[in-house]
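Residue-level structure breakdown
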Amino acid sequence: MELVIDNKKKKLKFSGTLGELLRKLGVMREEVVLRVNGKIAPETYKIKTKDKIEIIKVVFGG
Amino acid sequence: MICVNGNSTDKRIADKCSCGNAAVIFLHYTNRALCEKHFIEMFDRRVGRIVREFSMLKKGDRVVVGVSGGKDSCVLLHSLVELNMPVELIAVTIDEGIKGYREKTLKTAKKECEKLGIEHKIYSFKDAAGKTMDQIIKEKKEIPCSYCGVIRRYMLNKAAKDLGANKLAIGHNLDDIGQTLLMNIMRNEPLRIGRGSVDNNEFVKRIRPLMKTPEKEVAIYAMLKKIELDRKDCPYAHFAFRSHVRKLLNETEEKYPGTKFKVANSYFEMEKTIGKNCTGKIEKCNECGQPCSENICMFCKMKNDLLV
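Our subject in this report is the structure included herewith. Quick caveat, the model's predicted, so the values are computed rather than measured. (Residues numbered from 1 in each chain as written. Chains lettered and ligands numbered in written order. Predicted model: local features only at pLDDT ≥ 70, side-chain atom pairs only at ≥ 80, totals over all residues. Heavy atoms only, no water.)

**Examining the interface of chain A and chain B**
Contacts between chain A and chain B engage 23 residues on the former and 33 residues on the latter. Summing the contributions of chain A and of chain B, the shared interface buries around 2500 Å²; its carbon and sulfur component is 57%. At the boundary of chain A with chain B, the tally comes to 2 salt bridges. One salt bridge in this structure joins A:Glu30 and B:Lys260, with 2.7 Å as the shortest N-O distance. Seen at the junction of chain A and chain B, the total is 10 residue pairs in polar contact (both at pLDDT 80 or more). Secondary-structure elements contributing two or more residues to the side of chain A that touches chain B are β3 (32-36), β4 (39-41) and β5 (52-57) of chain A. (Contact = heavy atoms within 4.5 Å. Buried area = accessible area lost by both parts, 1.4 Å probe. Salt bridge = Lys/Arg side-chain N within 4 Å of Asp/Glu carboxyl O. Polar contact = N/O pair within 3.5 Å; in protein donor to acceptor, adjacent residues only side chain to side chain. Helix = DSSP H or I, 4+ residues; strand = E, 2+ residues; numbered from the N terminus.)

**Side note on the environment of B:Cys300**
Residues and elements named next belong to chain B. Topologically, Cys 300 is positioned in helix α11 (residues 298-307). Linking Cys 300 and Gln 290, residues 10 residues apart in sequence, is a C-alpha distance of 9.6 Å. Each residue touching Cys 300, except ones within four places of it in the same chain, is listed here: Cys 285, Glu 287 and Cys 288.

**Concerning unusual backbone geometry**
Residues and elements named next belong to chain A. Although it is not a glycine, Asn 7 sits at a positive phi angle of roughly 65°. Mapped onto the elements of the fold, Asn 7 is located in the loop between β1 (2-5) and β2 (8-11). Of note, the phi angle at Asn 37 is positive, near 50°, even though the residue is not glycine. Of note, Asn 37 is situated in the loop between β3 and β4.

**Some thoughts on the packing of helix α7 (residues 174-186) of chain B against helix α9 (residues 241-255) of chain B**
Residue and element names in this part refer to chain B. Following both chains from N to C, one finds α7 and α9 inclined at 115°, their axes separated by 9 Å at the closest point. Judged by the inter-axis angle, α7 sits roughly perpendicular to α9. Relative to α9, α7 is oriented so that their crossing is right-handed. In this structure, α7 contributes Asp 175, Asp 176, Gly 178, Gln 179, Thr 180, Leu 182, Met 183 and Met 186 to the contact, and α9 contributes Phe 241, Arg 242, Val 245, Arg 246, Leu 248, Leu 249 and Asn 250. (Axes fitted to C-alpha atoms, helices over the stretch in contact; angles between N-to-C directions. Parallel < 35°, antiparallel > 145°, perpendicular 65-115°, else oblique. Left-handed = near helix turned anticlockwise from the far one by under 90°.)

**Some remarks on the side chain of B:Asp134**
All names here are of chain B. When you line up the elements, Asp 134 lands in helix α5 (residues 133-139). Among buried charged residues, Asp 134 stands out as having no salt bridge; its nearest opposite-charge side chain is Lys 138, 7.2 Å away. Among the polar contacts made by the side chain of Asp 134, one reaches the main-chain amide nitrogen of Lys 99 at a distance of 2.7 Å. If sequence neighbours within four positions are ignored, Asp 134 has contacts with Gly 97, Ile 98, Lys 99 and Tyr 236. (Buried < 20%, exposed > 50% of the residue type's maximum accessible area, 1.4 Å probe, protein only. Lys, Arg positive; Asp, Glu negative; His and termini not counted.)

**Let's talk about the nonpolar core**
Ranked by internal contacts, the top residues of the largest apolar core, which has 61 residues, are A:Val58, B:Phe39, B:Phe43, B:Leu57, B:Val65 and B:Val75. Apart from residues lying up to four places away in sequence, A:Val58 is in contact with A:Glu31, A:Val32, A:Val33, B:Lys71, B:Glu215, B:Ala219, B:Met223 and B:Leu229. Judged by nonpolar contacts, the second largest core, of 35 residues, contains B:Tyr154, B:Leu163, B:Cys234 and B:Met302. (Core = buried A, V, L, I, M, F, W, Y, C linked by side-chain atoms within 4.5 Å.)

**Some words on the sheet that holds strand β4 (residues 88-95) of chain B**
Residues and elements named next belong to chain B. A sheet is described by the order of its strands in space; here 5 strands give the open sequence β5-β4-β3-β6-β7, paired in parallel fashion. Only two strands of the sheet have a single partner each, and these edge strands are β5 (119-124) and β7 (205-207). Neighbouring strand axes in the sheet, compared pairwise and without regard to direction, differ in orientation by 30° on average. Across 6 bridges, β4 lies against β5 in parallel orientation. Bridge assignment links Val 92 to a residue of β5, and that residue is Lys 121. Sheet contacts for helix α2 (residues 71-83): β3 (62-66), β4 and β6 (167-169); angle to β3, the most-contacted strand, approximately 155°. Sheet contacts for helix α3 (residues 102-116): β4 and β5; angle to β4, the most-contacted strand, approximately 170°. (Pairing = 2+ DSSP bridges.)

**Section: the packing of aromatic side chains**
All names here are of chain B. The final tally for this structure, using the stated rule, is 6 aromatic pairs over all chains. On the numbers, 5.9 Å between centres and 65° between planes, the contact of Phe 39 with Phe 43 is edge-to-face. Residue Phe 39 and its partner Phe 43 are both found in helix α1 (residues 36-53); the two are separated by 4 residues, about one turn of the helix. Site record: aromatic cluster; members linked through ring pairs are Phe 39, Phe 43 and Tyr 221. (Phe/Tyr/Trp six-rings, centres within 6.5 Å; stacked < 30°, edge-to-face > 60°.)

Below you can see the structure in the form of structure tokens.
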């Protein structure tokens, strides 16, 4: 799968849900929105090998 | 409430709405997955219910909507339009003068107002207080958020009065309410909780239609409605105690879903109880004539201090 986080791309092998991926990366689910192949998806989505995952930070201070 | 693939109640595979379409969100506090259509319906219905439950709007109201151009205020504007109530909406943006931060959100505010056909007014710190926020930071060593908060609140209330509005709508979401309660308790300033519920003609009545909507849901709604998201922290946000409290509340919500609703409900209860006991007399500021608790309002004190 391809992962885009903080506008940086990386290739990653991961088996599990988006929620499990966030936990592995230490990202708080309350602060991000996830996109899979360009579409918004819940943390419960099971990642597939060719998916393009985007982790978009949406909670900012201000 | 369970809304998952087939009949399974396993959260790990709850990536479909009960209608069978792919979900855009899983609501951990109700164990429910929703597709785009059902999420937007739920979102709009909830805002409408809160507006009715708290009698926030009535026919003929003239409402100033504080629109910074961030996701919360833009979604608030969309939601109020979506309600289709017989009220008049005017958007007001306060430009604090923070270089590299506010310019983009100002553009977004303008764009969203144009899209929705809402009249839009912009007021600047520079005109009201004589200095931009960037200039204030350079000169003052104190925490900038206290200056920014006081000046912004003052300017919004004054703008609403000058524009003849009887309501001032702000984009505070569920997370903001929870953070405010925790901050007031941690600072031992519980009386501040009741201030918003005190009715006084000098203050334009503030309403918070998004107060029971989690921030993450506001963001998803904004993305689905193609509202441009601000992707930047305020450069001075690291000074804010709020950032620390936000992290604490988000961590707790992840472990114990539904915590934010419980904290916010405590806030509303306390607001009612404490508000009844807030009987302090409202004076008129000797300098600007705006309402305050002493002879000179906090805004004028700060302005005088900045002009020295």
